[in-house]
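As a plain string of letters, each chain reads:
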Amino acid sequence: MLTTLLLAGLLALNPFQPAPRMPLAATSLSSVDPCRVFGTVYLETDPRRQSRCFGSVYMEPEADFADLMVFKETSKLFADKVGLWYLTDSPNFADYSLFVTDNRNLADFSIQFTKSRSYAGCRKQ
């Protein structure tokens, strides 16, 4: 009886327990790095689905102020570097789902579409 009581006390005070898991909301407070977004991308415009998106973007009218220059690829096989995006019609087939906002202050980063593949990429900070 004494051994079971000691064993139960030892298990209750186990110092080798794993750390408690952080909730998802606490881990998503950091900003999205635009230099890591490439591949198949879905642009969401419905504000009701914003919580399901990876981040939010603002479409910059001027190329000088954009954080990321994006070239639209015609095949998802060629969208393998930063700034090369294949835009899809469904969020189910996308690597990244991004919400397009009209307010620049609410966006994680800004993008500008380019017609030249060589201009695509991250802007040097």
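Residues numbered from 1 in each chain as written. Predicted model: local features only at pLDDT ≥ 70, side-chain atom pairs only at ≥ 80, totals over all residues. Heavy atoms only, no water.

**Let's talk about the overall build of the protein**
Turning to step 1, where the next piece is worked out: If you tally the helices and strands in the protein, you get 2 helices and 7 strands.
Turning to step 2, where the next piece is worked out: In the protein, the order of α-helices and β-strands from amino to carboxyl end is α-α-β-β-β-β-β-β-β.
Turning to step 3, where the next piece is worked out: Expressed as a percentage of its 125 residues, the buried residues of the protein come to 34%.
Turning to step 4, where the next piece is worked out: Of the contacts formed within the protein by residues at least 6 apart in sequence, a portion of 81% connects residues at least 24 apart.
Turning to step 5, where the next piece is worked out: Counting only carbon and sulfur atoms, one obtains 57% of the accessible surface of the protein, whose full area is about 9400 Å². (Helix = DSSP H or I, 4+ residues; strand = E, 2+ residues; numbered from the N terminus. Buried < 20%, exposed > 50% of the residue type's maximum accessible area, 1.4 Å probe, protein only. Contact = heavy atoms within 4.5 Å. Areas by Shrake-Rupley, 256 points an atom, 1.4 Å probe, with all protein chains shown as cover.)

**Describing the state of the cysteines**
Turning to step 1, where the next piece is worked out: One pass over the structure, following the stated rule, counts 1 disulfide.
Turning to step 2, where the next piece is worked out: Across the disulfide from Cys 35 sits Cys 122; the S-S distance is 1.8 Å. Residues Cys 35 and Cys 122 are joined through a disulfide that is left-handed, its torsion about the S-S bond being -110 degrees. Of this pair, Cys 35 sits in the loop between α2 (24-27) and β1 (39-44) while Cys 122 sits in strand β7 (residues 121-122), and the two are 87 residues apart along the sequence.
Turning to step 3, where the next piece is worked out: With relative accessibility at 22%, the residue Cys 122 sits in the partly exposed group. (Disulfide = S-S within 2.5 Å.)

**A word on the confidence of the model for the protein**
Turning to step 1, where the next piece is worked out: Here the protein averages 85 in pLDDT, and 85% of its residues register 70 or above.
Turning to step 2, where the next piece is worked out: Low confidence marks residues 22-28, where pLDDT is under 50. Its contacts with residues over four positions away, or in another chain, come to 1 contact. (pLDDT = per-residue confidence, 0-100.)

**Notes on the nonpolar core**
Turning to step 1, where the next piece is worked out: Residues Val 37, Val 41, Trp 85, Leu 98, Phe 109 and Ile 111 are the most contacted members of the largest nonpolar core, which totals 13 residues.
Turning to step 2, where the next piece is worked out: Of all elements in the fold, only β1, β3 (68-72), β5 (96-101) and β6 (109-114) reach the threshold of two or more residues within this core.
Turning to step 3, where the next piece is worked out: Take this core: its biggest share by element is 3 residues, from β5.
Turning to step 4, where the next piece is worked out: The residues touching Phe 109, leaving out its near neighbours within four places in the chain, are Val 32, Pro 34, Val 37, Ser 56, Val 57, Tyr 58, Asp 67, Leu 68 and Leu 98. (Core = buried A, V, L, I, M, F, W, Y, C linked by side-chain atoms within 4.5 Å.)

**Describing the pattern of salt bridges**
Turning to step 1, where the next piece is worked out: One pass over the structure, following the stated rule, counts 5 salt bridges.
Turning to step 2, where the next piece is worked out: We note a salt bridge from Glu 44 to Arg 49, for which the minimum N-O separation is 4.0 Å.
Turning to step 3, where the next piece is worked out: The class of Glu 44 is buried, set by a relative accessible area of 5%.
Turning to step 4, where the next piece is worked out: You can call Arg 49 partly exposed: its relative accessible area is 40%.
Turning to step 5, where the next piece is worked out: The partner of Arg 117 in a salt bridge is Glu 73, and the shortest N-O contact between them spans 2.7 Å. On the criterion of sequence distance, the pair formed by Arg 117 in the loop between β6 and β7 and Glu 73 in the loop between β3 and β4 (84-87) is long-range, its members being 44 residues apart.
Turning to step 6, where the next piece is worked out: Overall, the relative accessible area of 40% leaves Arg 117 in the partly exposed class.
Turning to step 7, where the next piece is worked out: When its relative accessible area of 10% is taken as the criterion, Glu 73 is described as buried. (Salt bridge = Lys/Arg side-chain N within 4 Å of Asp/Glu carboxyl O.)

**Quick word on the side chain of Thr 88**
Turning to step 1, where the next piece is worked out: Of note, Thr 88 is situated in the loop between β4 and β5.
Turning to step 2, where the next piece is worked out: Thr 88 gets classed as buried once you look at its relative accessible area, which sits at 16%.
Turning to step 3, where the next piece is worked out: Setting aside residues up to four positions removed in sequence, Thr 88 forms contacts with Thr 40, Val 41, Tyr 42, Phe 93 and Ala 94.

**With respect to a nonpolar patch on the surface**
Turning to step 1, where the next piece is worked out: A contiguous nonpolar patch, built from Leu 2, Leu 5 and Leu 6 and spanning about 350 Å² of accessible area, is present on the exposed surface.
Turning to step 2, where the next piece is worked out: Following the sequence through the fold, Leu 5 ends up in helix α1 (residues 2-12).
Turning to step 3, where the next piece is worked out: Among the residues examined, Leu 5 registers a relative accessible area of 60% and is labelled exposed. (Patch = residues over 30% accessible without salt bridge, like charges linked within 9 Å, V, L, I, M, F, W, Y side chains within 5 Å.)

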